Amino acid sequence: MQQGTRTYDSPLRREQAQRTRERILDAAASVITEAGDFVVAQVAKRAGVSVRTVYHHFPDREAMLDALAERLAAQLGYPRQEMPKDLASFADETVAMFKRFDADREKVRAFFSTPVGQATRTHARARRLTYLRRLVDADLTGVDPQTAEWSVVIIHQIASSRTWLALKDDAGLDGSEAAEAVGWAIRTLVESVKGTAAS
């Protein structure tokens with residue numbers, strides 16, 4: 001009879017693994033702050049661990065950037081959330097997100113101005129565009145491909161943190177007004193495109 005591999009789990013090992021993971025993320029943030037980008041070997045050297053250890057905790061660059069984004073969101077007090085299931089929910093979540101931004105405006109501004117904040121936003125952009133394409137394909141059926149793609153990029157731009165900043169700084173809206181204006185813009189665009197497809 002073959003015995004299975006026995007795994008040993010202890011609170012001490014879990015705590016050490018978590019400390020190592022945090023040290024790697026600190027190192028990644030430090031390297032990004034200095035150089036604007038990173039390679040795994042730089043992060044490993046800065047963290048004082050092997051490249052293999054970095055890959056044990058983060059299988060690729062994307063996983064490390066995801067973890068940095070999650071950690072920064074947690075530091076801002078934003079819980080991890082699932083992406084909305086349709087464009088109406090996306091508009092609602094964007095309104096709620098803009099209101100959260102306004103409640104912590106100084107921390108959010110500081111975050112967006114840091115190299116780490118910019119790197120994680122750039123990393124998240126491609127994933128968010130892919131997700132929006134799925135929502136548009138599901139919600140805006142019968143729309144020609146060019147209109148669908150324009151809808152994706154415009155909705156993405158409207159829902160961006162840059163728009164939140166522009167509406168506050170350039171248009172003089174307060175946080176609640178900026179949030180509601182963006183929700184209105186997304187819903188209006190979606191209804192207009194749906195009307196075009198139906199006609």
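So, a few notes on the structure that sits alongside this text. These figures come from a predicted structure and were not determined experimentally. (Residues numbered from 1 in each chain as written. Predicted model: local features only at pLDDT ≥ 70, side-chain atom pairs only at ≥ 80, totals over all residues. Heavy atoms only, no water.)

1. Here we look at the overall build of the chain
Phase 1 of the analysis: For the chain, the helix and strand inventory stands at 10 helices and 0 strands.
Phase 2 of the analysis: Its C-alpha atoms give the chain principal-axis dimensions of roughly 65 × 50 × 30 Å.
Phase 3 of the analysis: Counting every position in the chain, which comprises 199 residues, the buried fraction comes to 37%.
Phase 4 of the analysis: Restricting the contact set of the chain to residue pairs at least 6 apart, pairs at least 24 apart contribute 71%.
Phase 5 of the analysis: In the form shown here, the chain has an accessible surface area of approximately 12,000 Å², with 53% of it arising from carbon and sulfur atoms.
Phase 6 of the analysis: With 28 positive and 27 negative side-chain charges, the chain shows a spacing of 8 Å between the two charge centroids. (Helix = DSSP H or I, 4+ residues; strand = E, 2+ residues; numbered from the N terminus. Buried < 20%, exposed > 50% of the residue type's maximum accessible area, 1.4 Å probe, protein only. Contact = heavy atoms within 4.5 Å. Areas by Shrake-Rupley, 256 points an atom, 1.4 Å probe, with all protein chains shown as cover. Lys, Arg positive; Asp, Glu negative; His and termini not counted. Charge placed at Lys NZ, Arg CZ, Asp CG, Glu CD.)

2. Points about the environment of A124
Phase 1 of the analysis: Relative to the assigned elements, A124 resides in helix α7 (residues 115-139).
Phase 2 of the analysis: According to the relative accessible area criterion, A124 is partly exposed, its value standing at 35%.
Phase 3 of the analysis: The spacing of A124 and A69 is 55 residues in sequence and 8.4 Å in space, taken between C-alpha atoms.

3. Thoughts on the environment of S161
Phase 1 of the analysis: Looking at where S161 falls in the secondary structure, it is placed in helix α9 (residues 161-169).
Phase 2 of the analysis: With a relative accessible area of 9%, S161 lands in the buried category.
Phase 3 of the analysis: A sequence separation of 52 residues divides S161 from R109, and the C-alpha atoms of the two residues are 9.3 Å apart.
Phase 4 of the analysis: Contact partners of S161, with chain neighbours within four places excluded, come to F101, F112 and R121.

4. Some remarks on the pattern of salt bridges
Phase 1 of the analysis: The full count for this structure, using the stated rule, is 10 salt bridges.
Phase 2 of the analysis: Among the ionic pairs, D66 bridges to R127, the shortest N-O distance being 2.8 Å. Taken as a pair, D66 in helix α4 (residues 61-75) and R127 in helix α7 lie far apart in primary sequence, 61 residues in all.
Phase 3 of the analysis: One salt bridge in this structure joins K168 and D102, with 2.7 Å as the shortest N-O distance. Of this pair, K168 sits in helix α9 while D102 sits in helix α5 (residues 87-103), placing them 66 residues apart in sequence. An identical accessibility class is assigned to K168 and D102; each is buried.
Phase 4 of the analysis: In the salt-bridge network here, residues are joined through shared partners; they are E22, D26 and R71. (Salt bridge = Lys/Arg side-chain N within 4 Å of Asp/Glu carboxyl O.)

5. Considering the packing of aromatic side chains
Phase 1 of the analysis: Summed over all chains, the structure comprises 2 aromatic pairs.
Phase 2 of the analysis: A ring pair is formed by F98 and F101, whose centres lie 6.0 Å apart and whose planes are at 20°; its orientation type is stacked. One end of the pair, F98, and the other, F101, are both in helix α5, 3 residues apart, so they sit about a helical turn from each other.
Phase 3 of the analysis: On the accessibility criterion, F101 (7% relative accessible area) is buried.
Phase 4 of the analysis: Ring plane angle 65° and centroid distance 5.3 Å describe the contact between F101 and W164, whose orientation is recorded as edge-to-face. In this pair, F101 is assigned in helix α5 and W164 in helix α9, connecting sequence segments 63 residues apart.
Phase 5 of the analysis: For W164, a relative accessible area of 0% corresponds to the buried category.
Phase 6 of the analysis: Joined through ring pairs, the aromatic side chains of F98, F101 and W164 make up one cluster.
Phase 7 of the analysis: Geometry around F38 places R61 over its ring, the cationic atom sitting 4.3 Å from the centre. (Phe/Tyr/Trp six-rings, centres within 6.5 Å; stacked < 30°, edge-to-face > 60°. Lys NZ or Arg CZ within 6 Å of the ring centre and 35° of its normal.)

All we've got here are geometric facts, nothing functional implied.
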